[in-house]
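# Architecture at a glance
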Amino acid sequence: MMNALLLPKLFLAELRRDVCHWWSYRLNALSSLGLWLVAFPFMMLTFDSMSGGYGPEQRLASLIGFLVWELCTGMLVATTGSVTEEAQQGTLENVMLTPVSPLVIFSLRITVVFTRKAVETTILGLALVIILNLPFTWNGPALLVMGLTIASVAGVGLALGGLAMIYKSIDSIVGVITLLSVLFTGALIPLNNLGIVFALLKYLAPMTWGIDALRATLVSEIGWPSLWFDGTLWGLGIQAFVFLSLGTATFIRSFRRAQMQGSLGTY
Amino acid sequence: MNNQPFIQVSEVTKRYPRAENPAVNGVSLSLHPGETLALLGPNGAGKTTTVKMVAGLVLPTSGTIHVMGHDMVLARAKGVRHIGAVLEGARNLYWRLSALENLRYFGNLRLVPRRELFHRIEELLALFGLEAHKHQEVRQFSRGMQQKLAIAAALLHDPKILLLDEPTLGLDVQAAKQLEATIAQLTQEQEKAILLTSHMMPLAEKLADRIFVIHKGRKVASDATRSLLERYNTHQDIAEIQVAGQMTQVLIAQLQQAFGGITAIPNANTTMLRWPGSEQTQLIQLLQFLDEQDQAILDIGRRQASLEEVFLSLTGMEQPNE
Ligand SMILES: Nc1ncnc2c1ncn2[C@@H]1O[C@H](COP(=O)(O)OP(=O)(O)OP(=O)(O)O)[C@@H](O)[C@H]1O
Ligand SMILES: [Mg+2]
């Protein structure tokens, strides 16, 4: 029913709105960027003095994890936060007054936030690579791993965004979970030594495996063949599929539920 | 086909989960091309719920809603493209975006073709006198300007149906008057159907062809504006008689038995008798009765019921003798 040619137009409209909004809050955004530029090197120094020797490879490993974490949780916080905020303020209902399906609008919004966050994270990443003087190259396998990881997290974003339409408190829960996830995704300190716990986290949490694989491709420079044969690509692909499907189903059900209890708007 | 109503609400009931009473209870209404219908009711009557169900934002528990012939539960996307709405409250727009960016965003979202959108925005900004402010962030707008811009945003895709939930709520007298004039202009447009809610009788009287009074989720009255007002204005004359001293309960009971519909409001050292709908001859009888009972009459007045009172008596909120 909906013309696929409309998608780029709607994407641009959402992007424009998002950027205008970002511009209005640019000081907040810039100060958090500045914060990490100071805080991250400081963390590396602390690790160094604690473990007695946190070399460039380990720093790079931490930086990769941190950037993925920052990108993904930034998206989750922004999307669930905006649903809660817009439901309270009243714009959410207005946004739903369109023939475009809510799922499409929300998916576009997630894509837009990812796009903007990707730019922010890239700038932050490049600055940190320079400040910390790290050896850093980018490669094809890493790109694919990154893409699959983002797809999984997008699925989580759909689910959380849907739930935020029903439960107003999801917003604050997401805040706590994203902070905790810096630990259980192994974002800063790799968890590979945790054995079975790591295996579980890897399969069940949406970022852990991706971060691990990204480190393998970027730090240890593992290429296509081993990623393929050790099942990483398959695993990440299945994970992305499962998270996206669950996310879509949750979103659709939640929207219906929100229509039932009238929670798209303030009450 | 030509006689098909733009909005057809049939036997709709809405019970929110965990709510004790239904918010809307067996309501049926229809809205035809070119018609303006005012949904009137006190707080919590179910006006907003009804409007949101028409817009497909809230699902009815039972009953059906058709917009331009499309079922709003089964084919929401088809119906919603004909709807423009200004919902309750101040935040129909993004406060952090300029007026122009808001119109652009909502225009695109409602699938207005690019070329058309440009002209449409200019046209609407001119219509609402907001051209000079188009680059200003909406949060810097006055409440009246925000409300005008919200209506402009609702009209971007030139919808056949306009839903306005409490459009003048929170505006000062002057801004409300201005907005009222703007809406009046819209009601002149042929073929557009407008559903507006309010708890202000005068607004409805000025703008609406028909009035639908809702109370506790149920229809109380529904009629052409003029006949509704006429009916209640003639029957609802109120006589007010001020009597010296506090009246005894016994006497009040006697009064009420002899003259149905009378209420006694005790004041510090007087009693006010109010008697809506009384005839001249009955009033004379009442005065005689009071005289016989040695009650000193301080003041007698007679006035027409205000619209407010008509409304209150319709919704049964001020009928202690019922
Ligand atoms: N989302 C909701 N969940 C539960 N109950 C609700 C919800 N929205 C409204 N209600 C209840 O439904 C009833 C009707 O509310 P509604 O907002 O439709 O009334 P209204 O006529 O618009 O009132 P007002 O003049 O205050 O805007 C009220 O009792 C209200 O408390
Ligand atoms: Mg209301």
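Residues numbered from 1 in each chain as written. Chains lettered and ligands numbered in written order. Predicted model: local features only at pLDDT ≥ 70, side-chain atom pairs only at ≥ 80, totals over all residues. Heavy atoms only, no water.

## What to know about the site of ligand 1
In plain terms, the rule: Whether a residue is near a molecule or strand is decided by its heavy atoms; if any one of them lies within 4 Å of it, the residue is near. Polar contact is defined as a pair of N or O atoms within 3.5 Å, subject to the rule that within protein one atom must be able to donate a hydrogen and the other to accept it, and that residues adjacent in sequence are counted only when both atoms are side-chain atoms. All accessible-area figures derive from a Shrake-Rupley calculation using a 1.4 Å probe, and residue coverage is judged against the displayed protein chains alone. Going along the chain from the N terminus, every DSSP run of H or I of four or more residues is numbered as a helix, and every run of E of two or more is numbered as a strand. Residue polarity is assigned by list, with Asp, Glu, Lys and Arg as charged and Ala, Val, Leu, Ile, Met, Phe, Trp, Tyr, Cys and Pro as nonpolar; anything else, Gly included, falls into the polar class.
For ligand 1, the set of nearby residues contains 15 residues, the closest of which are Gly-44, Lys-47, Thr-48, Thr-49 and Glu-88 of chain B. Residues near ligand 1 are shared among chains A and B, making this a multi-chain site. Between an oxygen atom of ligand 1 and a main-chain N or O atom of Gly-46 of chain B, the distance comes to 2.9 Å. At 2.6 Å, a side-chain N or O of Thr-49 of chain B approaches an oxygen atom of ligand 1. Within the complex, 76% of the 630 Å² of free accessible area of ligand 1 lies under protein. Ranked by the residues each element gives to the shell around ligand 1, the list is headed by helix H1 (residues 47-54) of chain B, at three residues. Each residue belonging to the shell around ligand 1 can be placed in one class, and the counts come to five nonpolar, seven polar and three charged.

## As for the sheet that holds strand E9 (residues 210-215) of chain B
Residues and elements named next belong to chain B. Here is the rule we go by: We call two strands paired when DSSP finds no fewer than two bridges between them. For helices, the axis comes from a line fit to the C-alpha atoms of the stretch in contact; other axes are also lines fit to C-alpha atoms, and the angle between any two N-to-C directions lies between 0 and 180 degrees.
Spatially, the six strands line up as an open sheet ordered E6-E7-E8-E3-E9-E10, and their pairing is mixed. Each having just a single partner strand, strand E6 (83-86) and strand E10 (218-224) make up the two edges of the open sheet. Adjacent strand axes in the sheet meet at a mean angle of 15 degrees, parallel and antiparallel pairs treated alike. Relative to E9, strand E3 (residues 36-40) runs parallel, the two sharing four bridges.

## Regarding the interface of chain B and chain A
Many analyses report the size of an interface as the accessible area lost when the parts associate. Test applied: In this analysis, two residues are considered to be in contact whenever any of their non-hydrogen atoms come within 4.5 Å of each other. Note on definitions: buried area is the accessible-area loss of two parts on being combined, 1.4 Å probe, summed for both. Here a salt bridge means any side-chain nitrogen of Lys or Arg lying within 4 Å of a carboxyl oxygen belonging to Asp or Glu.
Residue-level contacts link 36 residues of chain B with 33 residues of chain A. Summed over both sides, the interface of chain B with chain A buries roughly 3,300 Å², with 58% coming from carbon and sulfur. Connecting chain B to chain A are two salt bridges. The tally of links between chain B and chain A comes to 19 residue pairs in polar contact (both at pLDDT 80 or more). Every element with two or more residues in the side of chain B that touches chain A is listed here: helix H2 (76-80) and helix H3 (99-109) of chain B. The biggest single contributor to the side of chain B that touches chain A is H3 of chain B, with six residues. A breakdown of the residues in the side of chain B that touches chain A according to their chemical character gives 20 nonpolar, three polar and 13 charged.

## Points about the domain arrangement of chain B
Spelled out, the test is: The source of the domain bounds is an automatic or database domain assignment.
By the assigned domains, chain B splits into domain 1 (7-231) and domain 2 (238-303). Spacing between the C-alpha centres of domain 1 of chain B and domain 2 of chain B amounts to 45 Å.

## Things to note about the pairing of strand E4 (residues 62-67) of chain B
Residue and element names in this part refer to chain B. Relative to E4, strand E1 (residues 7-14) runs antiparallel, the two sharing five bridges. By the bridge assignment for E4, Thr-13 is matched with Ser-62. Relative to strand E5 (residues 70-71), E4 runs antiparallel, the two being bridged by two bridges. Considered in E5, the bridge of Val-67 is made with His-70. Where E4 folds back on E5, the antiparallel hairpin that results is connected by two residues, among which Met-68 adopts a positive phi of roughly 50 degrees.

## Some details on the packing of helix H5 (residues 102-132) of chain A against helix H11 (residues 232-261) of chain A
Residues and elements named next belong to chain A. Selection criterion: Angles below 35 degrees are treated as roughly parallel, those above 145 as roughly antiparallel, those between 65 and 115 as roughly perpendicular, and all remaining angles as oblique. Working rule for handedness: look at the near helix, and if it is turned counterclockwise from the far one by less than a right angle, call the crossing left-handed; if clockwise, right-handed.
At a minimum axis distance of 10 Å, the contact between H5 and H11 shows a crossing angle of 125 degrees. Considering their axes alone, H5 and H11 lie oblique with respect to each other. Crossing of H5 against H11: the hand is right-handed. Here Pro-102, Leu-103 and Phe-106 of H5 lie close against H11, whose contacting residues are Thr-248, Phe-251, Ile-252 and Phe-255. Its residues assigned to classes, the contact of H5 with H11 comprises six nonpolar, one polar and no charged.

## What to know about the nonpolar core
Put simply, the rule reads: Among buried residues, those of type Ala, Val, Leu, Ile, Met, Phe, Trp, Tyr and Cys that are joined through side-chain atoms within 4.5 Å constitute a nonpolar core. Only protein chains enter the accessibility calculation, which uses a 1.4 Å probe; a residue is then buried when its area is under 20% of its type maximum, exposed when over 50%, and partly exposed in between.
One finds Phe-66 of chain A together with Leu-163 of chain B to be the most contacted residues of the largest nonpolar core, which totals 95 residues. Listed in part, the 57 residues of the second largest apolar core include Leu-130, Leu-149, Ala-153 and Leu-171 of chain B.

## As for helix H5 (residues 143-155) of chain B
Residue and element names in this part refer to chain B. Short version of the rule: Here, expected helix span is obtained from the residue count minus one, scaled by 1.5 Å.
With 13 residues, H5 extends 19 Å between its outermost C-alpha atoms, agreeing within 8% with the 18 Å of an ideal straight helix rising 1.5 Å per residue. In terms of residue burial, H5 counts as a mostly covered element, since twelve of its 13 residues are buried. Within H5, burial applies to Gly-144, Met-145, Gln-146, Gln-147, Lys-148, Leu-149, Ala-150, Ile-151, Ala-152, Ala-153, Ala-154 and Leu-155. On its buried face, H5 is in contact with E6, H3, helix H4 (114-127), strand E7 (161-165) and helix H6 (173-188).

## Focus on unusual backbone geometry
Residues and elements named next belong to chain B. Non-glycine residue Arg-18 carries a positive phi angle of around 70 degrees. Within the fold, Arg-18 resides in the loop between E1 and strand E2 (24-31). If you check the backbone angles, Met-68 has positive phi at about 50 degrees while not being a glycine. Position of Met-68 relative to the elements: it lies in the loop between E4 and E5.

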